[in-house]
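So the chains spell out like this:
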Amino acid sequence: MLDRYNPATWSIDWDAVLVAGIAVAIAVAIAYVVYRAIFAVASRLANLSDTKADELVISRIRRPVKWSILALGITLMAQSNPDLRVAWEPLAKFVRPALLGWIAYTLVKAFTATMEYRLEASDDPVAMRSRRTRIAVLSRTATFAIIFITVGLMLFSIPSVQSIGTTLLASAGLAALAVGAAAQPALKSLIGGLQIAVTEPFRIGDLVKVGEDAGRVEEIRMSFVTVRTWDERLLIIPTCRFIDESFENWSRNNEQLSGPVMLHLDPIADVTPLRAEFERYLSEHELFDGRTQSCLMTEAYPESVEVRLAMSAKTIGELFQLRCDVREHMLAWLRDHQEDALIRHRLEVPGGHPKGPEPAV
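Scoring rules and cut-offs
- Residues numbered from 1 in each chain as written.
- Predicted model: local features only at pLDDT ≥ 70, side-chain atom pairs only at ≥ 80, totals over all residues.
- Heavy atoms only, no water.
- UniProt positions renumbered as here; feature names shortened; annotations may be inferred.
- Helix = DSSP H or I, 4+ residues; strand = E, 2+ residues; numbered from the N terminus.
- Expected span 1.5 Å × (residues − 1).
- Buried < 20%, exposed > 50% of the residue type's maximum accessible area, 1.4 Å probe, protein only.
- Arc of directions from axis to C-beta.
- Contact = heavy atoms within 4.5 Å.
- Polar contact = N/O pair within 3.5 Å; in protein donor to acceptor, adjacent residues only side chain to side chain.
- Core = buried A, V, L, I, M, F, W, Y, C linked by side-chain atoms within 4.5 Å.
- Pairing = 2+ DSSP bridges.
- Axes fitted to C-alpha atoms, helices over the stretch in contact; angles between N-to-C directions.

Going by an unreviewed UniProt entry, the protein chain carries the name Mechanosensitive ion channel and comes from Altererythrobacter lutimaris. Per its UniProt entry, the protein chain bears the Subcellular location (unreviewed entry) comment "Membrane".

Set out below in structure tokens:
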């Protein structure tokens, strides 16, 4: 078709265009029928399965597979039509790698969604967080590799890009050093993300403390980690910070923690009845799990003593609520039974004391 184009007269062989158009229409029609037949069988087989994972995969890959089958039909038809081949082959150099990359991308997303769906049926929250973390990090790594390779294949189909790449091979050593120096932070974050996925110092859903802030890990990306604090703030923390610096993971194995309530009392305080009341109240509290229960005087100062009430709960949220309840109850009990044990700081005002000077009129 294009070889019959006459640039001197700007004439086109419309018979060749019509034949090529009919060939494309026939190829698209046959390919569409094949696509519908394949997915009809696949959907029927998926409906026979007990899980929805098969249907999820089929629904994700339906669109890219449809366009790939149509492109394949046009390619096969172009083999028997020289005019169509001349017009289609330059375009196919871009379409084929793009469709292959699209299929690979949707397959990764489909299998990721399938594994996350299966995790919802797990009864072990620690194992679920571990698998979710690995799935999230590895799927993003695979997605990045697919996009990078797909764009590279599409660009190398351009002759000018190929010639530029051949020219740059002469200075490959210098280019490698420059690219390595420029990409060092990105490579460090990439390696850090893979290291987190393999070693699992923390996982999605873990409660961590970084610096002075604590919160739940919501998302783990290759370059940063998002942490949601109790007051709904979203912390964006570089991935490499978790590798280079120390942090606290409060739910590494499970969410069972012990926590203290500190009471600063007057030295006259009687700890024995206070301990008995604390143990009585704690044993009757619904959030107490029975693991840790202690009342100790940990410090004694000239004007005060420090009493630590230790307790435990099944989850971090329940422990926080339990500590708040114990703190409120014990202060109320002290006001009713040992009022002298509460520390008071008195200030002498000169105008209100007999020995002070007379107030100014």
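Asks: Hey, could you go over helix α9 (residues 271–284) for me, with residue numbers and the actual values?
Replies: Look at α9: 20 Å from first C-alpha to last across 14 residues, which is about the 20 Å you get at 1.5 Å a residue. Taken residue by residue, α9 has Val-271, Leu-274, Glu-277, Phe-278, Tyr-281 and Leu-282 as its buried positions. Along the long axis of α9, the arc covered by the buried residues comes to 125°, so they all point the same way. Exposed and oriented more than 90 degrees from the buried face of α9 are Thr-272 and Glu-284. Contact partners of the buried residues in α9: β6 (257–265), β7 (288–300), β8 (305–313) and α10 (316–337). Among the residues of α9, the N-terminal cap falls to Asp-270, whose side-chain oxygen and the backbone nitrogen of Thr-272 are separated by 3.4 Å.

Asks: I'd like to hear about the nonpolar core, residue by residue, with values.
Replies: Ranked by size, the top nonpolar core spans 25 residues in total, and within it Leu-263, Leu-274, Leu-309, Met-311 and Val-326 carry the most contacts. Put simply, the parts of the chain that give this core at least two residues each are β6, α9, β7, β8 and α10. Here this core gets six residues from one element, more than from any other, and that element is α10. With residues up to four places along the chain from it excluded, the contact list for Met-311 reads Leu-257, Ser-258, Gly-259, Val-261, Phe-278, Leu-282, Thr-292, Leu-319, Leu-322, Arg-323 and Val-326.

Asks: Please give an account of the sheet that holds β6 that cites residues and values.
Replies: Across the sheet, three strands lie side by side as β6-β8-β7; this open sheet has antiparallel pairing. Sheet topology places β6 and β7 at the edges, where each strand pairs with a single neighbour. Across the sheet, the axes of successive neighbouring strands diverge by a mean angle of 20°, strand direction being ignored. Sheet analysis places β6 next to β8, joined by nine bridges and oriented antiparallel. By the bridge assignment for β8, Ser-258 is matched with Ser-312. Packing of α9 onto the sheet brings it into contact with β6, β7 and β8, and relative to β7 it is tilted by some 160°. Contacts from α10 reach β6, β7 and β8, with the element oriented near 20° to β6.

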